[in-house]
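Summary of the model geometry
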Amino acid sequence: PKNPVPLWGGGAGGSGSKEANHDVWRLAHMLTPRYRKVINIFHWMASVEGTGEIHNLNATEWLNFVQLCDIPNPKSAGCKKHDCERVFMETNYTEESEKDSGKAIKKDVIGRSEFLEALMRVGISKYGVKFLKTAKANVPEESPHLAHVERLLEEDIFAKVPPEALVDRNPFRKDRLYREDVDVLIR
């Protein structure tokens, strides 16, 4: 894809405008209580496939995830399977100048931040067209995109992933692994 479509902000108000900054604040406010769940799901999906790369999802893992959550809808105006593939490609897009900068860039994988971006794009694609037309009264006027992302997270993702995908592994690591007696045993 050429230049991906921005999620919001950067329009008439510009990316540095008060309106854009307010959108970012509202996004952070909506995502903050859900962030740990999203990241746990990301790590679970990356580890389930057995590719050995737990910090990235490849295109196959992404498609397995969206199908697990029944996100693609063949009757949808903007969220069919090929639309989810396009979201992965747009999220994974890197400018040519960045490729030539000498940094090692992994191709065809997304990390946690791109995963969040892809979820936002899919939420807008899935609920943005139909949802705005049929249930406009339920969408806050000032931030309809956030309502779409929130609905995707709550109804499609958190409700449909297996319970083990939501488990936070950090307490186990802290309580059972990151201890002096384990360190002595391993050394």
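Calculation notes
- Residues numbered from 1 in each chain as written.
- Predicted model: local features only at pLDDT ≥ 70, side-chain atom pairs only at ≥ 80, totals over all residues.
- Heavy atoms only, no water.
- Salt bridge = Lys/Arg side-chain N within 4 Å of Asp/Glu carboxyl O.
- Helix = DSSP H or I, 4+ residues; strand = E, 2+ residues; numbered from the N terminus.
- Buried < 20%, exposed > 50% of the residue type's maximum accessible area, 1.4 Å probe, protein only.
- Disulfide = S-S within 2.5 Å.
- Core = buried A, V, L, I, M, F, W, Y, C linked by side-chain atoms within 4.5 Å.
- Contact = heavy atoms within 4.5 Å.
- Axes fitted to C-alpha atoms, helices over the stretch in contact; angles between N-to-C directions.
- Parallel < 35°, antiparallel > 145°, perpendicular 65-115°, else oblique.
- Left-handed = near helix turned anticlockwise from the far one by under 90°.
- Nonpolar A, V, L, I, M, F, W, Y, C, P; charged D, E, K, R; others polar.
- pLDDT = per-residue confidence, 0-100.

What about the pattern of salt bridges?
All chains considered together, the criterion is met by 12 salt bridges. For the salt bridge of Arg34 with Glu150, the shortest nitrogen-to-oxygen distance reads 2.7 Å. A residue pair is termed long-range when its members are at least 10 positions apart, and Arg34 in the loop between helix H1 (18-31) and helix H2 (35-48) and Glu150 in helix H8 (residues 144-158) qualify at 116 residues. Look at Glu150 and you get partly exposed, because its relative accessible area is 32%. Asp83 serves as the salt-bridge partner of Arg86, at 3.7 Å between the closest nitrogen and oxygen. Here Arg86 pairs with Asp83, and both are found in helix H4 (residues 81-92), just 3 residues apart, close to one helical turn.

So, the state of the cysteines
Summed over the entire model, instances satisfying the criterion amount to 0 disulfides. Here Cys79 stays unpaired: no disulfide links it, and the sulfur of Cys84, its closest cysteine neighbor, is 4.0 Å away.

Concerning the nonpolar core
By size, the foremost hydrophobic cluster in this structure holds 37 residues, and its most contacted members are Trp62, Phe65, Ile71, Phe115 and Ile157. Listed by contribution, the elements that provide at least two residues to this core are H1, H2, helix H3 (59-68), H4, helix H6 (112-127) and H8. Those residues within four positions of Ile157 in sequence are excluded, and the remaining contacts are Ile41, Phe65, Cys69, Ile71, Leu119 and Leu152.

Regarding the packing of H3 against H4
Their axes nearest at 10 Å, the elements H3 and H4 cross at an angle of 135 degrees. By the angle between their directions, the pair H3 and H4 is classed as oblique. When you trace H3 past H4, the crossing you get is right-handed. Residues Ala59, Trp62, Leu63, Val66 and Gln67 of H3 form the contact with H4, whose own contacting residues are Lys81, Cys84, Glu85, Val87 and Phe88. Partitioning the contact of H3 with H4 into residue classes produces 7 nonpolar, 1 polar and 2 charged.

Observations concerning unusual backbone geometry
For Asp70, which is not glycine, the phi dihedral falls at a positive 55 degrees. By the element assignment, Asp70 lies in the loop between H3 and H4. Judged by its relative accessible area of 47%, Asp70 falls in the partly exposed class.

Section: the confidence of the model for the protein chain
Model confidence for the protein chain is summarised by a mean pLDDT of 79, while 73% of its residues fall at 70 or above. When mean pLDDT is compared element by element in the protein chain, H3 scores highest at 94, while helix H7 (residues 130-134) scores lowest at 48. A low-confidence stretch, residues 1-14 stays under pLDDT 50, and its non-local contacts, those more than four residues away or across chains, total 26 contacts. Every residue in residues 131-137 scores below 50 in pLDDT, and together they form 9 contacts with partners more than four places removed in sequence or on other chains.

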